[in-house]
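# Observations on chain architecture
Listed below are the residues making up each chain.
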Amino acid sequence: MTNSSIEEDVSCRHTDFPVSIVLFSELERQPAILGLTIAAGFMCIATVVLYFVTLRFLYSHRRLEGIKINKYKVIVMLGLYPLVSCVCMLSLLLPRTTMIAELMIAMYMAVCILMFVRMVVDYMGGFKAVCKEMEGEQMSFRTPPCCCCCCCPGVYKQKVNSTNLKRVNLMTLQGAFVRPIITIVALILWADKRYILGEDMNPSAASLYLNLIGAVSSLVAMWAMMVTFRSLRSQLQDYNVGKKFAALQLTIVVVNIQGFLFQILAKYNIPECVRALSSTVRAYRSNYFILIIEMLLLMIFARIAFKRKEESYKATTREIQEKLKPAD
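For clarity, every value in this text was computed on a predicted model and none was experimentally measured. Throughout this description, residue numbers start from 1 for each chain and increase along the sequence as written. Totals for whole chains, interfaces and linings use every residue, but because this is a predicted model, local features are given only for residues with pLDDT of at least 70 and side-chain atom pairs only at 80 or more, for both listing and counting. For side-chain calculations, the full set of non-hydrogen atoms in the structure is used, while hydrogens and water are omitted.

### Let's talk about the environment of Asn-211
To be explicit about the condition: Think of it this way: any DSSP run of H or I at least four residues long counts as a helix, any run of E at least two long counts as a strand, and we number them from the N terminus. The buried label applies to any residue whose accessible area, calculated with a 1.4 Å probe on protein chains only, is under 20% of its type's maximum; exposed applies above 50%, and partly exposed to all values in between.
Within the fold, Asn-211 resides in helix α9 (residues 206-232). For Asn-211, a relative accessible area of 29% gives the class partly exposed. Counting along the chain gives 29 residues from Asn-211 to Ile-182, while the straight-line C-alpha distance between them is 8.5 Å.

Here's what the structure looks like:
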């Protein structure tokens, strides 16, 4: 065994994320990866530019009733794509910020789920208006990702009323509270070197239990979002809610499942370790490269879904009501 192979084997035994100086020295030896990093930077900038262009549309149509009600919610939800892209780019340049990036993405997605549910309810005119509009109808809790099959015999359809709507609201609200708490705890443990990325499968690792709590919280919040969407989508077809829901759902699925797959691959040394970059580090970097591309595409899709005038729907509703009024 040569000295270079011995040094590479020794350096591959650790799983620590390298500092930026070490990373840049490695990139100098790999011009192809350096080129991909530069391309990722341009795509990240493009995602941010698209976000601000979409914001310009929202503020230029401030008088539109649908946008006026939900403007800040739409701004928060659309901010998911540039935020994920920017924190991924930051982690590509500063690998030791990876843990912070992971926690920020998870926390922001929980907030976006809450904003979507609130937006859909606001389109209907609020919780009271939903109860009045859908009086006598039912909402099914047997939906993905928690209860979608015969394994949930105790989950039945429930009447649309204030009690059930409050339950759904609390299910989404808990995600927006649990995730920040998990983030704070994880940062404290990380500062004490007790929270280490890549050790999620180790029973003695604190990250395993924090991630389990976070996963359960996210599933419950997504479940509530699905229940709300399926219950109200027929009432809100004019508001393009289906595409808005698809844009958010695709982002949540891509970020979570793709990241989980790369963590599994890292356990089997895929991709292989290269000097100071362990398999875990390279797996996270590969995931972030792909996420930056996906966020640009999803930002374009979300822009199409949200950049739509809603004044015509309100006008049409008013015209129908005027026609139904008895003649004097």
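### Digging into the packing of helix α6 (residues 98-123) against helix α11 (residues 279-306)
Note the cut-off: Only C-alpha atoms enter the line fits that serve as axes; for helices the fit covers just the stretch in contact. Angles between N-to-C directions range over 0 to 180 degrees. Roughly parallel here means an angle under 35 degrees, roughly antiparallel means over 145, roughly perpendicular means 65 to 115, and every remaining angle is called oblique. Left-handed describes a crossing whose near helix is turned anticlockwise from the far helix by less than a right angle; the clockwise case is right-handed. Working rule for contacts: check all heavy atoms of both residues, and any pair within 4.5 Å makes them a contact. Three classes are used: nonpolar for Ala, Val, Leu, Ile, Met, Phe, Trp, Tyr, Cys and Pro, charged for Asp, Glu, Lys and Arg, and polar for all others, with Gly counted as polar.
α11 packs onto α6 with a crossing angle of 20° between their chain directions and a minimal axis gap of 14 Å. Judged by the inter-axis angle, α6 sits roughly parallel to α11. Between α6 and α11 lies a crossing of left-handed hand. Every residue of α11 that contacts α6 at Thr-98, Ala-101, Glu-102 and Met-119 is listed here: Tyr-284, Tyr-288 and Phe-306. Here the residues of the contact of α6 with α11 sort into five nonpolar, one polar and one charged.

### Details of the pattern of salt bridges
The condition that has to hold: The working definition used for a salt bridge is a side-chain nitrogen of Lys or Arg within 4 Å of a carboxyl oxygen of Asp or Glu.
Per the counting criterion, the structure on display carries two salt bridges. Here Lys-73 and Asp-122 are joined by a salt bridge, their closest N and O atoms 2.6 Å apart. With Lys-73 in helix α4 (residues 65-78) and Asp-122 in helix α6, this pair connects stretches of sequence that are 49 residues apart. Accessibility expressed as a relative area gives 21% for Asp-122, which makes it partly exposed. Notably, a salt bridge pairs Arg-194 with Asp-192, separated by 2.8 Å at the nearest N-O pair. Taking relative accessible area as the criterion, Asp-192 reaches 46% and is therefore assigned partly exposed.

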